[in-house]
Amino acid sequence: MGKYSKFRNIVVLGIVLFLSLVLSVGLANAGGDGFISFKLDGKVYKFSDVAVGGWSLSRGFTAVGAFDSSSEKFILLAFEGKSKGIYSISLEHLYNQIQYQDTKNKVWLVAIGDFGSGVIKVNKYGRVGRPITGTFSGTITDELFGGSGKHPISGKFKVVRVQDTDTSLKTAPNNSEITNEIEFLKQIVEDTAESVRRME
């Protein structure tokens, strides 16, 4: 597996963990008063829909993320730990990453390994039901997907920690109340994976 393929697969794993966390509590119940606010290319955003975070039992990293109100954009931060600390994006720590997606406009910007750069500072890592908080900054890029743009980003986050989960949508609950949620979130993963396959 080449470097690009490896990095893309890890990026997708970060998304899968976040969506698995969302499914573990259900879209209607996820996030509370959580948010991720950030400045990207000088423009200020605040995403507060489904703002959750949690630990991957099978992969050993944390993901925190949030959607905008349209569910067409989301931001994801991932880091190799479950405690407060400073997590730098580097080749030695590939699960440390920053992602921004605008699915409607086909924008996918990431910082992972030596693509882009960044630091995630976790100030608080609460128990399940309590907040995970911190700040982040760096440069995200579409270079991993064939582009050449570099985009400065910085922000802060406060998300609800939900139950630790496996990094798989196969472990999601299966009942009529969340069937539509599962299909909606699986579609995001399938679309993302298809985008990766086209770049191989």
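In the block above lies the structure referred to throughout.
The rules behind these values
- Residues numbered from 1 in each chain as written.
- Predicted model: local features only at pLDDT ≥ 70, side-chain atom pairs only at ≥ 80, totals over all residues.
- Heavy atoms only, no water.
- Phe/Tyr/Trp six-rings, centres within 6.5 Å; stacked < 30°, edge-to-face > 60°.
- Helix = DSSP H or I, 4+ residues; strand = E, 2+ residues; numbered from the N terminus.
- Buried < 20%, exposed > 50% of the residue type's maximum accessible area, 1.4 Å probe, protein only.
- Lys NZ or Arg CZ within 6 Å of the ring centre and 35° of its normal.
- Salt bridge = Lys/Arg side-chain N within 4 Å of Asp/Glu carboxyl O.
- Pairing = 2+ DSSP bridges.
- Core = buried A, V, L, I, M, F, W, Y, C linked by side-chain atoms within 4.5 Å.

This part covers the packing of aromatic side chains. For any pair of aromatic rings, geometry is given as the distance between the ring centres together with the angle between the planes. As enumerated under the stated definition, the model contains 11 aromatic pairs in all. Ring centres of tyrosine 45 and phenylalanine 47 lie 6.0 Å apart, and the angle between their planes is 80°; this geometry places the pair in the edge-to-face category. The interplanar angle of 10° and the centroid separation of 4.5 Å between the aromatic rings of phenylalanine 61 and tyrosine 95 together place this pair among those described as stacked. On the criterion of sequence distance, the pair formed by phenylalanine 61 in the loop between strand S3 (49–55) and strand S4 (62–67) and tyrosine 95 in the loop between strand S6 (85–88) and strand S7 (97–102) is long-range, its members being 34 residues apart. The buried category is assigned to tyrosine 95, whose relative accessible area is 17%. Each member of the aromatic cluster is reached from another via a ring pair, and the members are Phe38, Tyr45, Phe47 and Tyr100. In this structure, lysine 46 packs its charged tip against the face of phenylalanine 35, placed 4.8 Å from the ring centre.

Attention shifts here to the pattern of salt bridges. Scanning all chains against the criterion turns up four salt bridges. Put simply, lysine 158 and aspartate 33 hold a salt bridge, and the shortest N to O gap is 3.6 Å. Of the two residues, lysine 158 sits in strand S11 (residues 150–161) while aspartate 33 sits in the loop between helix H1 (3–25) and strand S1 (35–40), which places them 125 residues apart along the sequence. Taking the relative accessible area as the measure of exposure, lysine 158 reaches 29% and is therefore partly exposed. The partner of aspartate 164 in a salt bridge is arginine 161, with the nearest N and O atoms 3.0 Å apart.

Along any regular strand, the residues point their side chains to alternate faces of the sheet. Here six bridges tie S1 to S11, and the two strands are oriented antiparallel to one another. When the sheet's bridge partners are listed, serine 37 is paired in S11 with lysine 156. Note that S3 and S11 share two bridges and pair parallel. When the bridges of S11 are listed, valine 52 appears paired with valine 160.

Below, the discussion takes up the nonpolar core. In this structure, Phe18, Trp108, Val110, Ile112 and Leu144 are the most contacted members of the largest nonpolar core, which totals 29 residues. Put simply, the parts of the chain that give this core at least two residues each are H1, S3, S4, strand S5 (73–79) and strand S8 (107–111). Top element by residues in this core is H1. It accounts for 12 residues. Grouped together as the second largest cluster of nonpolar side chains are 27 residues, Tyr45, Phe47, Ala111 and Ile153 included.

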